[in-house]
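Close look at the chain arrangement
Given next are the chains, with one letter for each unit.
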Amino acid sequence: MRYRDLGRTGVRVSELACAVTAGADPGEAIDVIARARGRGVNTMTLNAEDASAVTLLAEALAGGGDAHVVARATSLVRFDLPSPHVPAWEAYPGAHLRAEVERLLATLRIERLALVQLHAWCPEWQGEGDWQEALERLRGEGKIAGFGVSLFDHDVDAALEMVASGAIDAVQLMYNIFDPGAAARLLPLCAAHRVGVVARAPLYYGALASGFDGAGLAAEDWRRAYFYDAHRLETGERVARLAALVELPDRSVADLALRFAQAHPAISTVAVGMHRHAHLDANLAALERGPLERERLAMLASHKWLC
Amino acid sequence: MLARASLDEGARAVRHRLDGAETGAVELERPALDDLPYRDLVRALLTRQGFKLDFNRLDPDAAIALVCDRLLGPSSFRAERAPLARDIADLAAFAAGLVEGRAAISVRTCFAPGDTVWHVDRVQAPAAFRLLWPLGRPAGMRVTPGVNIDVAMFRMFHHREHPLLTRLDTQTLHSPTPVETLWAHRPAQLAAMISGRFPFIRDPDLEVEVTPGAGSIHRVQTPVNSGTYHRASWANRHAPGLQIVVTAS
């Protein structure tokens, strides 16, 4: 496993991170995390509001050892979209952030979170409310190594001012073959300001993974609604076009997609949901081959869609 | 056809009609552009580069003066500024009366392609309405009842599309690059904006167009109220008009 700096935090994160959710078989998911850690994966991401994921991770970490946990904070206001009309002091009040961090530390039985990130970030929140002061204090107390923002899918321009301000340590964002939008401005800016980047959804919610069947997803899986018919069909057509580009050493579109995400030097870690041992093995094997070659990256540029 | 309303009825009566409207919208009678004393000012503004101005703390007189000074010259259309500002102030006062609240005013002459996608406006307030009066554009806003929307699909559609549409609007405002070029890599999504056909619409013919040149008032989504589903027409792309927008909450 290779490791990269998480911005200025001093934390070295594995190039692959486990995006922790409970999944259909929590027992196997715990085993997968344990095996991943054994293979050098030291970074886990989760949504703090996902109680089952927190519980699962607590069990997986019970044996001790290094673990860098990246947590997306829970907003007190429910919103489906970036919501600049909701003020920061309502969505992420400082006292709430402190309480949530302390609750996570206690539940996970760890001394420090690697990162806390405010999700669905709106530029209007910069300088609004007391979230920044609260997180700076938590960082000063050593309860978190850093803090940052997590961008709503495809909303990569939302973090430009915040990154340039130097106030945050890291950004979390979607980055994949369909949405390489962050590479235009945000990722170079992050590199220039030594801001870490957690890339999520490199497999576009599973659509770029082998054997994906959007119509066959379980009824309780939110992706079943996300990939409504028109979306699923267009995605399938685009994945089929990518399949024609797969060549050794890659064995699948998923391999191509993971090595694509890994290839940008500004990205600290690539977070992938892995509930099965086979997924873990495949992902590790792909990333061990290293970043995608320059000419193949250029070839994928024409496959952008969600930017 | 949308229920019709006029300023003369008073805010309370129009609010009652809005509350009873299936779409949450009414059409507002307004004079034709040709009959307005500031028609030449409006037409002159429409020849300039598209802009958007939020009035914020500026009163309408100061805001219109700012727009005219910057875009048309310091001594331009002196006599026409005041009646335009007065009409805007009257509309704002009327809209505020719908909720017994405050009105936020903006004017714009730019085309926002994101508006061609069915959407609801949102604010964080107990109740809110948006009054829109577009001057000098060929097509009216479309509205459709909430029952015509597959809400789950609508939500997921916008989960994917909302940030992309917002960025497209910004790019269009700041760059002369055609929308077709900016979204050449998204042909299906571009085609939907042009045709107005979206997957979450149950009956694509169940939409009502506000009469071109008329005003309209529609419900804005708040934490406790649903909003009116509406979209702009691609037909306004090259002639977006001067749009007076008042959001009362």
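The rules we used
- Residues numbered from 1 in each chain as written.
- Chains lettered and ligands numbered in written order.
- Predicted model: local features only at pLDDT ≥ 70, side-chain atom pairs only at ≥ 80, totals over all residues.
- Helix = DSSP H or I, 4+ residues; strand = E, 2+ residues; numbered from the N terminus.
- Rg over C-alpha atoms; globule rule 2.2 N^0.38 Å.
- Buried ≥ 20, exposed ≤ 12 C-beta atoms within 10 Å, placed from the backbone.
- Contact = placed C-beta atoms within 7 Å.
- Nonpolar A, V, L, I, M, F, W, Y, C, P; charged D, E, K, R; others polar.
- Pairing = 2+ DSSP bridges.
- Axes fitted to C-alpha atoms, helices over the stretch in contact; angles between N-to-C directions.
- pLDDT = per-residue confidence, 0-100.
- Right-handed = clockwise from strand over helix to strand, strands pointing away.
- Parallel < 35°, antiparallel > 145°, perpendicular 65-115°, else oblique.
- Left-handed = near helix turned anticlockwise from the far one by under 90°.
- Core = buried A, V, L, I, M, F, W, Y, C linked by C-beta atoms within 7 Å.
- Expected span 1.5 Å × (residues − 1).
- Arc of directions from axis to C-beta.

Quick notes on the overall build of chain B
Each helix and strand in chain B was counted, giving seven helices and ten strands. On C-alpha atoms alone, chain B measures out to a radius of gyration of 18 Å, which is about the 18 Å that the 2.2 N^0.38 rule sets for 249 residues. Viewed in the frame of its principal axes, chain B has a C-alpha envelope of about 50 × 45 × 30 Å. Buried residues in chain B amount to 39% of all 249 residues. Counting contacts in chain B only where the partners sit at least 6 residues apart, residues at least 24 apart contribute 82% of the total.

Examining the interface of chain B and chain A
Each partner contributes residues to the interface: chain B has 18 residues there, and chain A has 18 residues. Broken down by element, the residue count for the side of chain B that touches chain A peaks at eleven residues, all from helix α5 (residues 151-174) of chain B. Within the side of chain B that touches chain A, the residues separate by chemical class into eight nonpolar, five polar and five charged.

Focus on the sheet that holds strand β8 (residues 170-174) of chain A
All names here are of chain A. Read around the barrel, eight strands follow the order β3-β4-β5-β6-β7-β8-β9-β10 and close on themselves; strand pairing throughout is parallel. Averaged over all adjacent pairs, the angle separating strand axes in this sheet is 25 degrees, with direction ignored. Across four bridges, strand β3 (residues 16-19) lies against strand β10 (residues 269-273) in parallel orientation. Along β10, the bridge assignment pairs Cys18 with Val272.

Things to note about the confidence of the model for chain B
Confidence along chain B averages 97 in pLDDT terms, with 100% of residues attaining 70 or more. Of the two predicted TM-score estimates for the complex, the pTM is 0.95 and the ipTM is 0.95.

Describing the pairing of strand β4 (residues 43-47) of chain A
Residues and elements named next belong to chain A. Buried residues dominate β4, accounting for four of its five residues. Pairing analysis gives three bridges linking β3 to β4, with the strands arranged parallel. What sits directly across from Ala19, in β4, is Thr45. For the handedness criterion, the β-α-β arrangement of β3, helix α1 (residues 26-38) and β4 is classed as right-handed. Looking at chain direction, β4 and strand β5 (residues 68-72) are connected through five bridges and run parallel. Among the inter-strand pairings, Asn47 is bridged to a residue of β5, identified as Arg72.

Looking at the sheet that holds strand β9 (residues 229-231) of chain B
In sheet architecture, strand pairing relies on hydrogen bonds along the backbone and comes in two forms, parallel and antiparallel. Residue and element names in this part refer to chain B. Strand order across the open sheet formed by three strands is β7-β6-β9, with antiparallel pairing between neighbours. Each having just a single partner strand, β7 (208-209) and β9 make up the two edges of the open sheet. Where strand β6 (residues 142-144) lies against β9, three bridges are found, and the strand directions are antiparallel. From the neighbouring strand, Val143 faces β9, where its bridge partner is His230.

Focus on the packing of helix α1 (residues 11-20) of chain B against helix α4 (residues 78-99) of chain B
All names here are of chain B. Where α1 contacts α4, the two axes come as close as 8 Å, and the packing angle between them is 60 degrees. Comparing the axis directions of α1 and α4 gives the class oblique. The two elements α1 and α4 cross, and the hand of that crossing is right-handed. Two secondary-structure elements touch here, α1 through Ala11, Val14 and Arg15 and α4 through Phe94, Gly97 and Leu98. Looking at side-chain class alone, the contact of α1 with α4 contains four nonpolar, one polar and one charged residues.

Structural notes on the nonpolar core
Within the largest apolar cluster, 166 residues are counted, with the highest numbers of intra-cluster contacts made by Leu115 of chain A together with Ala95 of chain B. Broken down by element, the residue count for this core peaks at eight residues, all from α4 of chain B. Ala95 of chain B has contacts with Ala103, Phe129, Leu131, Val246 and Ala248 of chain B, leaving out every residue within four places of it along the chain.

Topic: helix α9 (residues 229-243) of chain A
Residue and element names in this part refer to chain A. With 15 residues, α9 should cover 21 Å at 1.5 Å per step; its first-to-last C-alpha distance of 21 Å lies within 8% of that length. Among the residues making up α9, those that are buried are His231, Thr235 and Val239. All buried residues of α9 lie within an arc of 60 degrees about the axis, which places them on one face of the element. Pointing more than 90 degrees away from the buried face of α9 are the exposed residues Asp229, Glu237, Ala240 and Arg241. Residues of α9 that are buried make contact with α10 (253-263).

Observations concerning the environment of Arg194 of chain A
Residue and element names in this part refer to chain A. Mapping Arg194 onto the fold places it in the loop between α7 (186-192) and β9 (196-200). Here Arg194 falls in the partly exposed class, since 14 other C-beta atoms lie within 10 Å of it. Each C-alpha atom of the pair Arg194 and Ala170 lies 8.5 Å from the other, and the pair is 24 residues apart in sequence. Leave out the neighbours within four places in its chain, and Arg194 touches Gly7 and Arg8.

So, unusual backbone geometry
All names here are of chain A. In the segment running from Leu248 into Pro249, the intervening peptide bond is cis, with an omega of 10 degrees. When you line up the elements, Pro249 lands in the loop between α9 and α10. For His154, which is not a glycine, the phi torsion comes out positive at approximately 70 degrees. Structurally, the position occupied by His154 is in the loop between β7 (147-150) and α6 (160-165). On the basis of neighbour counts, which here come to 24 C-beta atoms within 10 Å, the residue His154 falls in the buried class.

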